[in-house]
Amino acid sequence: MRIAIALALSIMGTAAMAQDDIVLRGMGSFHVGGRIAEVGGKPVREIQRVPGGPMSKLDPNGQFMVEQMYVQYFLPKNKKGKYPLLMWHGGGLTGVTYESTPDGREGWANMFVRKGWDTYVSDAVERGRSGFASPDVWQGEPIFLNYQDPYERFRIGQGAGSWNADPAKRRPMPGTQFPVEAYDNYMKQSVPRWLSTDKAVLDGYLALIDKLCPCVLLTHSQGGNFGFLAAEQRPDKIKAIVAVESASAGRIANAPKLKDIPVMLMFGDYVEQHPRWAEYKRIDTEYGNAIKAAGGSVDLVMLPDIGIKGNSHMLMQEKNNGEIADVIQNWLVSKGLVD
């Protein structure tokens, strides 16, 4: 009898585990876009590539592949989303934004694969695995974020002066959903970005759209700006846009081009307490109103207004990221984008 009970419990446990497993019909990665850049007139020199190894020539002249974009994809066996879901990250970040959270929980990439979406997570041009170009190709210099910048600017802390090197002296927003105990891990995601590469970044995204779409865009922060600009150029290929705290929108004059694309504008908490984010909300809302004036559909979702409170700029990494993912999924279902 004990053996039978143990066997039954084992089978039940296996079934529960199988239900929780992510089962894929495919996964992989690729690069899109890019161009050949020519460099000339630079001095050739000898370098030692490995300590203790032989010297070899380093020639900075010639042809170089630059401005390609890296994309990783996960295709669920039980596909439900009618179109690919493209996840675009924000400034100074990479596709890691949508992967495991800083405190080790499941991120939106996994969650939307579980919901049945073919999910494509990219590193924008000049970020992460997309690679970098030399100063001979990209004018200007990369910018970096110090430790206090996201804490104070992304509404994790209570604005200017809320950061302190001593964790006990930091002042997080009341009731914050951000996993502040894992802030060190969050900062490990930070990468350099350039202020002179926006055209190259947009070209990479357009190359991805041309390869994969029709599709749905899920964008965040700076990625929202690129999402709207890309949709203005490829309106027939975008079936919906979820813009999470978009850091600026598209061009007002082009907004009518999105009249056939349902749009969700989503913001977290404390937006009006921070002039920078209040301004982005104003810009995004103005753009959304221009889409609606042309006959389009735009839904502004302020999470506190629907009872979801305490969220910073990094909604997809917070302790209630699953609840927010459900809000997005329900909206996509309401737009007829899920089988």
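Residues numbered from 1 in each chain as written. Predicted model: local features only at pLDDT ≥ 70, side-chain atom pairs only at ≥ 80, totals over all residues. Heavy atoms only, no water.

Caption draft 1: Structural context of the layout of surface pockets. Considered as a void within the structure, the largest pocket measures approximately 220 Å³ in volume. If you go around the largest pocket, you meet 18 residues; those closest to its centre are Gly91, Gly92, Arg153, Arg193 and Arg276. With 3 residues, helix H7 (residues 275-293) is the single largest residue contributor to the lining of the largest pocket. Of the residues that constitute the lining of the largest pocket, the class distribution is 8 nonpolar, 7 polar and 3 charged. (1 Å grid on protein atoms, 1.4 Å probe; cavity = no way out; pocket = protein on both sides within 12 Å on 5 of 7 lines; lining within 4 Å. Points joined across faces, edges and corners; volume = space filled by probe spheres on them. Helix = DSSP H or I, 4+ residues; strand = E, 2+ residues; numbered from the N terminus. Nonpolar A, V, L, I, M, F, W, Y, C, P; charged D, E, K, R; others polar.)

Caption draft 2: Expanded view of the packing of aromatic side chains. One pass over the full model with this rule turns up 20 aromatic pairs. Between Trp163 and Tyr183 the ring centres are 5.4 Å apart and the planes differ by 45 degrees, which places this aromatic pair in the tilted class. Residue Trp163 is found in the loop between helix H3 (148-153) and helix H4 (183-187), and its partner Tyr183 is found in helix H4; the two are separated by 20 residues along the sequence. Tyr183 shares its class with Trp163; the two are buried. An aromatic cluster is defined as three or more aromatic residues linked by ring pairs; in this entry it consists of Tyr147, Tyr151, Trp163, Phe178, Tyr183 and Tyr186. The ring of Phe30 carries Lys211 above its face, with NZ or CZ at 4.9 Å from the centroid. In this structure, Arg276 packs its charged tip against the face of Trp277, placed 4.6 Å from the ring centre. (Phe/Tyr/Trp six-rings, centres within 6.5 Å; stacked < 30°, edge-to-face > 60°. Buried < 20%, exposed > 50% of the residue type's maximum accessible area, 1.4 Å probe, protein only. Lys NZ or Arg CZ within 6 Å of the ring centre and 35° of its normal.)

Caption draft 3: Looking closely at the state of the cysteines. Per the stated rule, a full pass over the model turns up 1 disulfide. There is a disulfide in this structure between Cys213 and Cys215, and the S-S distance comes to 2.0 Å. Residues Cys213 and Cys215 share a disulfide whose torsion about the S-S bond is about 75 degrees; that sign makes it right-handed. In this pair, the class of Cys213 matches that of Cys215, namely buried. (Disulfide = S-S within 2.5 Å.)

Caption draft 4: Expanded view of the pairing of strand S5 (residues 85-88). Neither face of S5 is left uncovered, since the one carrying Leu85 and Met87 and the one carrying Leu86 and Trp88 both have all their residues buried. Where S5 meets strand S6 (residues 119-123), 3 bridges bridge the pair, whose relative direction is parallel. From the neighbouring strand, Met87 faces S6, where its bridge partner is Val121. Each parallel crossover has a hand, and for S5 linked through helix H2 (residues 108-114) to S6 it is right-handed. As paired elements, S5 and strand S7 (residues 215-220) share 4 bridges and run parallel to each other. Following the sheet pairing, Trp88 is matched in S7 by Thr219. (Pairing = 2+ DSSP bridges. Right-handed = clockwise from strand over helix to strand, strands pointing away.)

Caption draft 5: Just the nonpolar core, in detail. Leu86, Trp88, Leu208, Phe228 and Ile241 are the most contacted members of the largest nonpolar core, which has 46 residues in total. Broken down by element, this core gets its largest block of residues, 8 residues, from helix H5 (residues 198-212). Formed by 45 residues, the second largest nonpolar core is a distinct cluster that contains Tyr183, Leu218, Val242 and Phe267. (Core = buried A, V, L, I, M, F, W, Y, C linked by side-chain atoms within 4.5 Å.)

Caption draft 6: Spatial organisation of the pairing of strand S2 (residues 45-48). Here S2 runs beside strand S3 (residues 55-58); their pairing, made up of 4 bridges, is antiparallel. Paired with Glu46 across the strands is Lys57, a residue of S3.

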